[in-house]
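# Coordinate analysis (summary)
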Number of protein chains: 2
Amino acid sequence: MTEPVEKSASGRRGTATAERKQQIIAAALKCFTEKGYEKTTVADICRESGCSVGSLYHHFGNKEGVAGELFIHAIELLNADLLRRLQRCRTVASGVRMVVTQYSDWVTAHPDFARLLHSGDVEFTESAHLRLREIYRGHITAVFEWFHPYVVAGLMRVLPPETYVPLISGPIRDYTRQWLSGRVQKEPAQVQGVFAEAAWNAVKVEV
Amino acid sequence: MTEPVEKSASGRRGTATAERKQQIIAAALKCFTEKGYEKTTVADICRESGCSVGSLYHHFGNKEGVAGELFIHAIELLNADLLRRLQRCRTVASGVRMVVTQYSDWVTAHPDFARLLHSGDVEFTESAHLRLREIYRGHITAVFEWFHPYVVAGLMRVLPPETYVPLISGPIRDYTRQWLSGRVQKEPAQVQGVFAEAAWNAVKVEV
DNA sequence: GATTTACTAGAACGATATTCTATATTAGCA
DNA sequence: TGCTAATATAGAATATCGTTCTAGTAAATC
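Conventions used here
Think of each chain on its own: its residues are numbered from 1, step by step along the sequence as written. Written order decides the labels, with chains lettered from A and ligands numbered from 1. In view of the model being predicted, local features appear only for residues whose pLDDT reaches at least 70, and side-chain atom pairs are presented and counted only at 80 or more, with totals across whole chains, interfaces and linings using the full set of residues. Values reported for side chains reflect all heavy atoms of the structure, with hydrogen atoms and water molecules removed beforehand. Numbering goes from the N terminus for both helices and strands, where a helix is a DSSP run of H or I of at least four residues and a strand is a run of E of at least two. The buried label goes to any residue with under 20% of its type's maximum accessible area, the exposed label to any with over 50%, and the partly exposed label to all in between, with areas taken from a 1.4 Å probe on protein chains only. Contacts: residue pairs with any heavy atoms within 4.5 Å of one another. A 1.4 Å probe and the Shrake-Rupley method give the accessible areas. Residues count as covered only by the protein chains that appear here. Charge assignment in this entry is limited to Lys and Arg as positive and Asp and Glu as negative, and neither His nor the chain termini are counted. Taken as the charge location is NZ of Lys, CZ of Arg, CG of Asp or CD of Glu. Joining two parts hides part of their accessible area as seen by a 1.4 Å probe, and the buried area is that hidden amount summed over both. We define a salt bridge as a side-chain nitrogen of Lys or Arg found within 4 Å of a carboxyl oxygen belonging to Asp or Glu. Pairs of N or O atoms are called polar contacts if they sit within 3.5 Å, as long as, within protein, a hydrogen donor faces a hydrogen acceptor (for residues adjacent in sequence, only side-chain-to-side-chain pairs). Put simply, Ala, Val, Leu, Ile, Met, Phe, Trp, Tyr, Cys and Pro go in the nonpolar bin, Asp, Glu, Lys and Arg in the charged bin, and everything else, Gly too, in the polar bin. Annotation comment: domain bounds sourced from an automatic or database domain assignment. The angle between two axes is taken between their N-to-C directions and runs from 0 to 180 degrees, where each axis is a line fitted to C-alpha atoms and a helix contributes only its stretch in contact. For classification purposes, angles smaller than 35 degrees are called roughly parallel, those larger than 145 roughly antiparallel, those between 65 and 115 roughly perpendicular, and all remaining angles oblique. We call a crossing left-handed when the near helix sits turned anticlockwise from the far one by less than a right angle, and right-handed when that turn is clockwise. Take the buried residues of types Ala, Val, Leu, Ile, Met, Phe, Trp, Tyr and Cys, join any two whose side-chain atoms come within 4.5 Å, and each joined set is a nonpolar core. The pairing test for Phe, Tyr and Trp rings, Trp by its six-membered ring, is centres within 6.5 Å, and the orientation test on the planes gives stacked under 30 degrees, edge-to-face over 60, and tilted for anything in between. Each copy is superposed on the other by least squares, with the fit set by C-alpha atoms of residues at a pLDDT of at least 70 in both.

When helices and strands are tallied, chain A shows nine helices and zero strands. Order of helices (α) and strands (β) in chain A, N terminus to C terminus: α-α-α-α-α-α-α-α-α. Overall, the C-alpha framework of chain A stretches about 65 × 40 × 25 Å when taken along its three principal axes. Relative to its 207 residues, chain A shows a buried fraction of 48%. Counted over contacts in chain A with a minimum sequence separation of 6, partners at least 24 positions apart contribute 70%. About 10600 Å² of surface is accessible on chain A, with carbon and sulfur atoms providing 56% of the total. Where the 25 positive side-chain charges of chain A centre and where its 23 negative ones centre are 3 Å apart.

Printed below as a string of structure tokens:
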């Protein structure tokens, strides 16, 4: 199980390579969405993208490699969208609520990505795992930096650091999970109000 | 893929069969805990339990069948434990807090079961799926019945029914997930106070 | 005791992820 | 431009693993 190549992409070759990888990624997303990760075969992905197994393994190392890149791509879209929307908030309350509403809007708009992110059965290669940890750390740091001034100003409760994320995002994530598995009907975006309010309630300073 | 046999267990044969099934279940739990569901092979389970493939398939139909029974067993332990502890509560506030503290106590005490319940990559047979839905429905009903009088009495907020579970249990479940994946160190039981308080805060009637 | 049913065993099978070998294409450079 | 090394593609071969099949054993029932 050798790691896939990662080379400087110069000229025509580079863009062609990037396109091919993109085709495979797109085909994989389609297959995973239709049949789930476990049930899509690499033959499926090859058929859908029109590439050979050799080519797929050359670029991604293995099936997990494909899923890993797709997963990371999805995470980065989600994270970037949050930071963008968070920058526009002008009060702590709206910032906390935004964490919830952005998440529910995003998963409602991109259920295929959401399903992938929640699926849990994607095992990662060592390198993807490390990269993911790094991305998570960076994102959390950026979000905490946004909130930090308000904590200092006494507008947000001081809590054990590792509890903020579950307190604010836990309920909407839990609801989303149930929605993806078909246990509840209403889209996350339709019930975000309740969860956004609860999130602010959980971290605001009592009057 | 024929369904496994399910016969009346009478005499020596019956107990021997039950023991054998139990051995397989126990071996499976051990393997899943050590290597994860996907990476344990049925050969692993057979080796660990000392049975043959034929025997395993006779009793459980397939690998999912083993995981399904284990999963259901775990869920039922968890649910029964909650209902037992909930019955001893004498106020709404303590009941809501109990939902959180019981969960965190239980997953801390049974991390192997917790890992299985959170793993997400167990696909179920049709019958296991239906049984699971039934169990979930019954449990939710029982829990809601306990809380109902308090809602009627105006001591708990009236919210969309499908939001109670995420509001109360979402944060601790989310935290547990992070704990199981190694992203946070403290056991759920060590931070349950914050989440129990938040749960009550989310559903209590404002003064 | 005979017969049916439940159980066990392990070989055989089929599907699928992965590796291997060969070939083609492109980039870099003399 | 032609040569060489690095990249990329293709598909056959391999290995692993879930599942099925066939045969044999033990227990229950009559």
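There is more to say after this.
The partner chain A presents 33 residues to the 35 residues of chain B that form the contact. Taken together, both faces of the contact between chain B and chain A bury some 2800 Å²; the carbon and sulfur share is 55%. Area buried by chain B at its contact with chain A is led by Glu162, Pro166 and Asp174 of chain B, which between them contribute 17% of it. At the boundary of chain B with chain A, the tally comes to six salt bridges. One salt bridge in this structure joins Glu162 of chain B and Lys186 of chain A, with 3.0 Å as the shortest N-O distance. Linking chain B with chain A are nine residue pairs in polar contact (both at pLDDT 80 or more). Mapped by element, the contributors of at least two residues to the side of chain B that touches chain A are helix 7 (126-152), helix 8 (164-180) and helix 9 (188-203) of chain B. If you tally residues by element for the side of chain B that touches chain A, the top one is helix 8 of chain B, at 10 residues. Across the side of chain B that touches chain A, the residue classes tally to 14 nonpolar, eight polar and 13 charged.

In this section: the domain arrangement of chain A. Residues and elements named next belong to chain A. Here the domain parsing of chain A yields domain 1 (1-61) and domain 2 (63-203). In this structure, domain 1 and domain 2 have C-alpha centres spaced 28 Å apart. Across the domain 1/domain 2 interface, buried area totals approximately 1400 Å², and carbon plus sulfur atoms make up 68% of it. For the pair domain 1 and domain 2, the interface holds one salt bridge. The salt bridge involving Lys21 is made with Glu69; its shortest N-O contact spans 3.4 Å. If you look at where domain 1 meets domain 2, you find three residue pairs in polar contact (both at pLDDT 80 or more). Listing elements by their share of the side of domain 1 that touches domain 2, those giving two or more residues are helix 1 (11-35) and helix 3 (53-60). In terms of residue count, helix 1 provides more of the side of domain 1 that touches domain 2 than any other element does, seven residues in total.

The next point concerns the pattern of salt bridges. Residues and elements named next belong to chain A. Overall, the coordinates contain 20 salt bridges over all chains when judged by the stated rule. One salt bridge connects Asp81 with Arg84, and the closest N-O pair in it is separated by 3.4 Å. Pair noted here: Asp81 and Arg84 are both in helix 4 (residues 63-87), with a separation of three residues, about one helical turn. Judged by relative accessible area, Asp81 falls into the buried class, the value being 15%. Assessed through its relative accessible area of 48%, Arg84 is described here as partly exposed. A salt bridge links Asp105 to Arg85, with the shortest nitrogen-to-oxygen separation between them at 3.2 Å. Separated by 20 residues along the polypeptide, Asp105 in helix 5 (residues 92-109) and Arg85 in helix 4 bring together distant segments of the chain.

In this section: the side chain of Asn201 of chain B. With respect to the element layout, Asn201 of chain B can be found in helix 9. Excluding residues within four positions of it along the chain, Asn201 of chain B makes contact with Asn201 and Glu206 of chain A together with Glu206 of chain B.

All names here are of chain A. Close contact between helix 4 and helix 5 brings their axes to 10 Å; oriented N to C, the two are set at 140°. Of the possible angle classes, the one that applies to helix 4 and helix 5 is oblique. Relative to helix 5, the crossing made by helix 4 is right-handed. Two secondary-structure elements touch here, helix 4 through Ala74, Leu77, Leu78, Asp81, Leu82, Arg85 and Leu86 and helix 5 through Gly95, Met98, Val99, Thr101, Gln102, Tyr103, Asp105 and Trp106.

What follows covers the nonpolar core. Among the nonpolar cores identified, the biggest contains 124 residues, and Phe147 and Val203 of chain A together with Phe147 and Val203 of chain B are the most heavily contacted of them. Excluding residues within four positions of it along the chain, Val203 of chain B makes contact with Val96, Met156, Arg157, Leu159, Tyr164 and Ile168 of chain B.

Turning next to the packing of aromatic side chains. Tallied over the full model, the rule gives 14 aromatic pairs over all chains. For the ring pair Phe71 of chain A and Phe124 of chain A, a centre distance of 4.9 Å and an interplane angle of 70° mean the geometry is edge-to-face. Of this pair, Phe71 of chain A sits in helix 4 while Phe124 of chain A sits in the loop between helix 6 (111-118) and helix 7 (126-152), and the two are 53 residues apart along the sequence. Assessed through its relative accessible area of 23%, Phe124 of chain A is described here as partly exposed. Between Tyr175 of chain B and Phe195 of chain B, the aromatic rings sit 5.6 Å apart at their centres with planes inclined by 50°, giving tilted as the arrangement. With Tyr175 of chain B in helix 8 and Phe195 of chain B in helix 9, this residue pair connects regions lying 20 residues apart in the sequence. Exposure remark for Tyr175 of chain B: the relative accessible area of 0% places this residue in the buried category. Put simply, the rings of Trp146, Phe147 and Tyr150 of chain A touch in pairs and so form one group of aromatic residues.

Moving on to the relation of the copies chain B and chain A. Least-squares fitting of chain B to chain A yields an RMSD of 0.2 Å, with the transformation described by 0.0 Å of translation along the axis and a rotation of 179°. In symmetry terms, the pair is related by a two-fold rotation axis.

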